[in-house]
Every structure is written in structure tokens, then in C-alpha cells.
Amino acid sequence: MESKAVVSLANGKKAFGDNEVLKDISLTVNAGDVLAIIGPSGGGKSTLLRCMTLLETLDSGDLSYGDLTVCANDAAGRAVYGGKDVIAAAKTRFGLVFQNFNLFPHYTVLQNVTDALICVQKMPKDEALARGRELLARMGLADKESMVPCDLSGGQQQRVAIARAMAMNPDVLFFDEPTSALDPELTREVLKVIRDLAAEHMTMVIVTHEMGFARDVADHLIFMDGGVIVEQGPASEVINNPQHDRTRAFLANYD
Ligand code: ADP
Ligand code: MG
């Protein structure tokens, strides 16, 4: 696999009022890599993902998707974002999967997957439907396209959300605790889909509490606490042999 940065953040900072949630976060994800992010609740993991996927703005830092600079610091050290075109282009480079699926409740499964293709990307409708059906088939949902989300299990809904996130053919997929709303059986079926994507060398950033999964699937792992990266390294090394007390204390909850 070539080592090409798909997304990188340098010195990312974000505060809500006087609550400094991201203190100085730098990370790079190369093509084909799977990065797992773990850490205690309130540590800033979701905020990091939300800043990287443009749902929140950074106070300072440099964020780029490949050759596209999304924001960079000005002389005063404040993040200055690119214009509308840059933001629109960046939004085609990633997909995001939320904890609670966030599907459109009154759209069918197929409409959920194809909506952005038709409305944002202006893809011809028959082409979008064909792509949507292909993605649903990959997620094992070929027979569910006409159903609405509430008629599906949580695991099926999350697989629809993954198909939707992949519709624009993104360079990287972000997952924010994709299985934490699911019971163990449904968790397994969603993790299997993510494992399959990893085997196909999909570039992914996954916030998760599934340590066995992170150890097996992720190449690199970041332990985040209090808005900083406390420790990082190869996923199996960090999980099997953490170097910092805070990492050890956190992982002890998962034995
Ligand atoms: P994690 O995902 O690791 O549990 P979060 O990023 O959700 O952590 O939260 C980190 C901190 O940021 C928490 O103190 C949380 O209350 C705060 N926070 C997150 N989003 C907002 C927001 N929109 N407004 C104010 N505070 C927020
Ligand atoms: Mg979170």
C-alpha cells in the first residue's frame, strides 16, 4: 500500500467556552489504514471526529484532505477555512457513521443511500439507484431497499448508514462508536461489515469501545483522554502492552 495521507490534522484545538476539549491534536491517516480511537467518555473523541468532518469548526489547526487544504492557521494562530467550493469538495472525500444511525426516518432504505447522490452529486437517478442497490447488496440488505428504517433492526439500520456513508465513494470513512447502541449479536454483524471493508483496504477512522475488534482490525491506535493523545502506536501493541498509567487504567475496564 502506498503511504499517501488521505486526511491529516495538525495541532487541532477546540474549546467550548472555557472548556478546552481538543488541546493539541495531530494525526495523519494514510490510504488503506485503519485508525482506532479509544478513550474515556468526555475525552473529546466525538468532537475530534466532528471537527474533522466539518460538523464543528476548529479554533486553530491545519486540516487537509489529500491535496485539499480545508483550513490553515492565520498569523494570529486562528484556523481559517477555505471557501464554499473547498468545503463542498472536502465533503465528498469522507463519509461519517454515527452511533445512532441518523437515517432519514420517512425515506426508504434505498432513498437514504441514494439521496445525496441524486440531490448533492446530481448523479442521474438510474445510475444512483444502481449504485445504491450495489452498496445495499454488499451490506447484505438487498431485500430491504423498500423498507423504512424503523422496520429494520438496529444492526440493519447501521448497515444502511454505512452504505449511505459509502455512496459518494469517499476516501475515508469515520465511525463514531458505531456499535454502542446495539446488543452483542447486532454488534457482531456490524463489526463484520467493517472488518470486510478493512479487508478491502477502505481507509477508516473508528472511535470504538470494542477492544478486541480494535486490536484485530486497526493498524494504528490512539488513546485519547482530556483532549490530548496520551498514547498511540500499533493497535495490538498499545492494547497488549500500554505504556502509560492512564492507558493501563482505562484498558483494565475491558478485561
Ligand atoms: P467523547 O466523544 O470522548 O465522549 P466529546 O467530544 O463528546 O467526548 O465531549 C468532550 C467534551 O466536550 C465534554 O466535556 C462535552 O461536554 C463537551 N462538548 C461536546 N460537544 C459540545 C458542545 N456542542 N457544546 C458544549 N460542550 C460540548
Ligand atoms: Mg463520543
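My aim in this report is to walk through the structure given alongside it, one point at a time. Since the model is a prediction, treat every value here as computed from it, not as a measurement. (Residues numbered from 1 in each chain as written. Chains lettered and ligands numbered in written order. Predicted model: local features only at pLDDT ≥ 70, side-chain atom pairs only at ≥ 80, totals over all residues. Heavy atoms only, no water.)

1. A short note on the sheet that holds strand β2 (residues 19-30)
Sheet architecture is open: five strands sit in the order β2-β1-β4-β5-β6, paired in antiparallel fashion. Edge positions in the sheet fall to β2 and β6 (79-81), since each of these pairs with one other strand and no more. Across this sheet, the average inter-strand angle for adjacent strands is 15°, counted without regard to direction. Relative to β6, strand β5 (residues 68-73) runs antiparallel, the two being bridged by three bridges. The partner of asparagine 73 across the bridge, within β6, is alanine 79. In the packing of helix α2 (residues 84-91) onto the sheet, the strands contacted are β4 (60-65), β5 and β6, and the crossing angle to β5 comes to about 120°. (Pairing = 2+ DSSP bridges. Helix = DSSP H or I, 4+ residues; strand = E, 2+ residues; numbered from the N terminus. Axes fitted to C-alpha atoms, helices over the stretch in contact; angles between N-to-C directions. Contact = heavy atoms within 4.5 Å.)

2. Digging into the site of ligand 1
Within the structure, ligand 1 sits among Phe16, Asn19, Val21, Pro40, Ser41, Gly42, Gly43, Gly44, Lys45, Ser46, Thr47 and Glu56. Between glycine 42 and ligand 1, the recorded distance is 2.6 Å, taken from a backbone N or O atom to an oxygen atom. At a separation of 3.2 Å, an oxygen atom of ligand 1 approaches a polar backbone atom of glycine 43. Starting from 570 Å² of accessible surface for ligand 1 in isolation, the protein chains cover 60%. Sorting the residues of the shell around ligand 1 by element identifies β2 and α1 (45-52) as the ones contributing at least two each. Looking at the shell around ligand 1, the element that brings in the most residues is α1, giving three residues. (Near = heavy atom within 4 Å. Polar contact = N/O pair within 3.5 Å; in protein donor to acceptor, adjacent residues only side chain to side chain. Areas by Shrake-Rupley, 256 points an atom, 1.4 Å probe, with all protein chains shown as cover.)

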